[in-house]
Amino acid sequence: MMSKATSSVLSELCTGELGFLVTSVRNGIHAALDRELEPLEITVQQYVVLNCLAKGWGRTLSDFCRVLAYDSGAMTRLLDRIVAKGFIRRVENEADRRSSLIELTERGQAALPQARQVTEVAFRRLLAGFSEQDAETLHKLLSRIVVNASSD
């Protein structure tokens, strides 16, 4: 049987508090990552693109739109900024001449290890004071929300 306190927290989460907390956590994570990435002249959104390229998770505008939940116009502008910084380049897509593929430049490849290191530093700060059990619980609960969100 649920305690009254648990029931009241669950009820509060169902009135919109869950969305507010998740948004606040996301904003806090992005702010912490942006602070760490700033000396490298990379934003968190730009890092996501670089990391996706390095891991083979995407190479086209539509791939990145899905990953970042951006529309094509916003994604094009983001990619333009990363191209201007010299971290990526557009190359011809032999399979579909209407689109181009995105690839890392040497500068982008060189920046990734440092960017990964500073993002790990930021995440360790965000998880300061968490025990291994806390981390396992957080992972399990957030994963459950992801599964529930993707269910029909």
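Computed from a predicted structure; not experimentally measured.

How each quantity is defined
Residues numbered from 1 in each chain as written. Predicted model: local features only at pLDDT ≥ 70, side-chain atom pairs only at ≥ 80, totals over all residues. Heavy atoms only, no water. Helix = DSSP H or I, 4+ residues; strand = E, 2+ residues; numbered from the N terminus. Buried < 20%, exposed > 50% of the residue type's maximum accessible area, 1.4 Å probe, protein only. Contact = heavy atoms within 4.5 Å. Core = buried A, V, L, I, M, F, W, Y, C linked by side-chain atoms within 4.5 Å.

## Description of the environment of Y47
Stage number 1. With respect to the helices and strands, Y47 occurs in helix α2 (residues 44–55).
Stage number 2. Given the relative accessible area of 10%, Y47 is considered buried.
Stage number 3. When the C-alpha atoms of Y47 and T119 are compared, they prove to be 9.4 Å apart, with 72 residues separating the residues in sequence.

## As for the side chain of Q46
Stage number 1. If you trace the backbone, Q46 turns up in helix α2.
Stage number 2. Residue Q46 is classed as buried on the basis of its relative accessible area, which comes to 4%.
Stage number 3. Among residues more than four places away in sequence, those in contact with Q46 are E41, L78, R81, I82 and K85.

## Description of the nonpolar core
Stage number 1. Core analysis: the biggest nonpolar cluster contains 26 residues, and L37, I42, V49, L50, F64, M75 and I88 have the highest contact counts within it.
Stage number 2. Counting only elements with at least two residues in this core, the list comes to α1 (4–37), α2, α3 (61–68), α4 (72–85), β2 (100–104) and α5 (106–126).
Stage number 3. A per-element tally of this core places α2 first, with six residues.
Stage number 4. Those residues within four positions of I88 in sequence are excluded, and the remaining contacts are L50, L53, L79, I82, V83, I102, E103, L104 and T105.

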